[in-house]
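These are the residues of each chain, in order.
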Amino acid sequence: YDKEIEKLYTIITQASKEVYLRFGHEMEIPITRYPWQSQDPIVYIKSFRYFMSYRDSLPSNIKRVWGPAGDRGSDEFWPGNDVVDIISFAIYGLPNKNITDPNKQVSFPKIFGMKKRRMRHLDKHIFITEFGVKGPEDYQKNWLEGAAKTLRDDPQIIGANYFNMSDTPGAWGDIEAPDWSISKETMDHFIYTLNGE
């Protein structure tokens, strides 16, 4: 894939804005949604290092992102401090995955706390590259309020990306693909809380 990698690097090194370069995300999840999941950690590490070291140096606006799901075992795939600028992971509220009662679903702060503890030995900033919540609107609003407070108050977090859409149809097997879309009102409330208002 050297030709494709070279083409990608040629494009992103010309960018004037910040570029977050994430490669082989959620590698530790024991499924095969992506071909790099459930693979030998040594092979993954070699691949990640090869990709991120493809150019001898990168402009300062390009940040190399290592993006496990943040689940148990993610540290087995740690590629090394010299090829990672930022750690990322995903946080989702999924009341209909295995808990049907939204009030029994785990909150954003609790999920974030568990995942951050697993990364505590790594001195890197955190980017929540994916997060979303499914369920009744009042549940979404409350869950996102907790998310906003965490994002606002934790100095290690440098950014977040809300997944405001449905996941790929069929990606969840027999379970209907979750739809994390939220209303404008709920998004406005999230931003209001995020700004500390």
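In this text, all values refer to a predicted model and were calculated from it rather than measured experimentally.

Time to look at the side chain of T150. By secondary structure assignment, the location of T150 is in helix 4 (residues 137-153). Setting aside residues up to four positions removed in sequence, T150 forms contacts with F108, P109, F112 and I157.

Moving on, we come to unusual backbone geometry. In this structure, E26 takes a positive phi of about 50° despite not being glycine. Here E26 lies in the loop between strand 1 (19-22) and helix 2 (41-52). Of note in this structure, S38 is not a glycine but carries a positive phi near 60°. Within the secondary structure, S38 sits in the loop between strand 1 and helix 2.

So, about the packing of aromatic side chains. Under the criterion given, the structure shown has 19 aromatic pairs. When the centroid spacing of 5.0 Å and the interplanar angle of 5° are considered together, the rings of Y34 and W36 count as stacked. For the pair F108 and W143, a centre-to-centre distance of 5.5 Å together with 85° between the ring planes defines the contact as edge-to-face. Residue F108 is located in helix 3 (residues 108-118), and its partner W143 is located in helix 4; the two are separated by 35 residues in the primary sequence. Relative accessible area serves as the criterion here: at 0%, F108 is assigned to the buried category. Exposure remark for W143: the relative accessible area of 4% places this residue in the buried category. Linked through ring pairs, Y9, F23, Y44, F48, Y50, F51, Y54 and F77 together constitute an aromatic cluster.

Turning our attention to the side chain of Q140. The topology assignment puts Q140 in helix 4. Using a relative accessible area of 6% as the deciding quantity, one classes Q140 as buried. The contacts of Q140, once residues within four sequence positions are left out, are V133, K134, G135, W180, S181, I182 and T186.

With that settled, the discussion passes to the nonpolar core. Residues W66, I91, F131, W143 and L144 are the most contacted members of the largest nonpolar core, which totals 43 residues. The element best represented in this core is helix 4, accounting for six residues. Excluding residues within four positions of it along the chain, L144 makes contact with F131, V133, Y162, I182, T186 and F190.

Conventions we followed
Residues numbered from 1 in each chain as written. Predicted model: local features only at pLDDT ≥ 70, side-chain atom pairs only at ≥ 80, totals over all residues. Heavy atoms only, no water. Helix = DSSP H or I, 4+ residues; strand = E, 2+ residues; numbered from the N terminus. Contact = heavy atoms within 4.5 Å. Phe/Tyr/Trp six-rings, centres within 6.5 Å; stacked < 30°, edge-to-face > 60°. Buried < 20%, exposed > 50% of the residue type's maximum accessible area, 1.4 Å probe, protein only. Core = buried A, V, L, I, M, F, W, Y, C linked by side-chain atoms within 4.5 Å.

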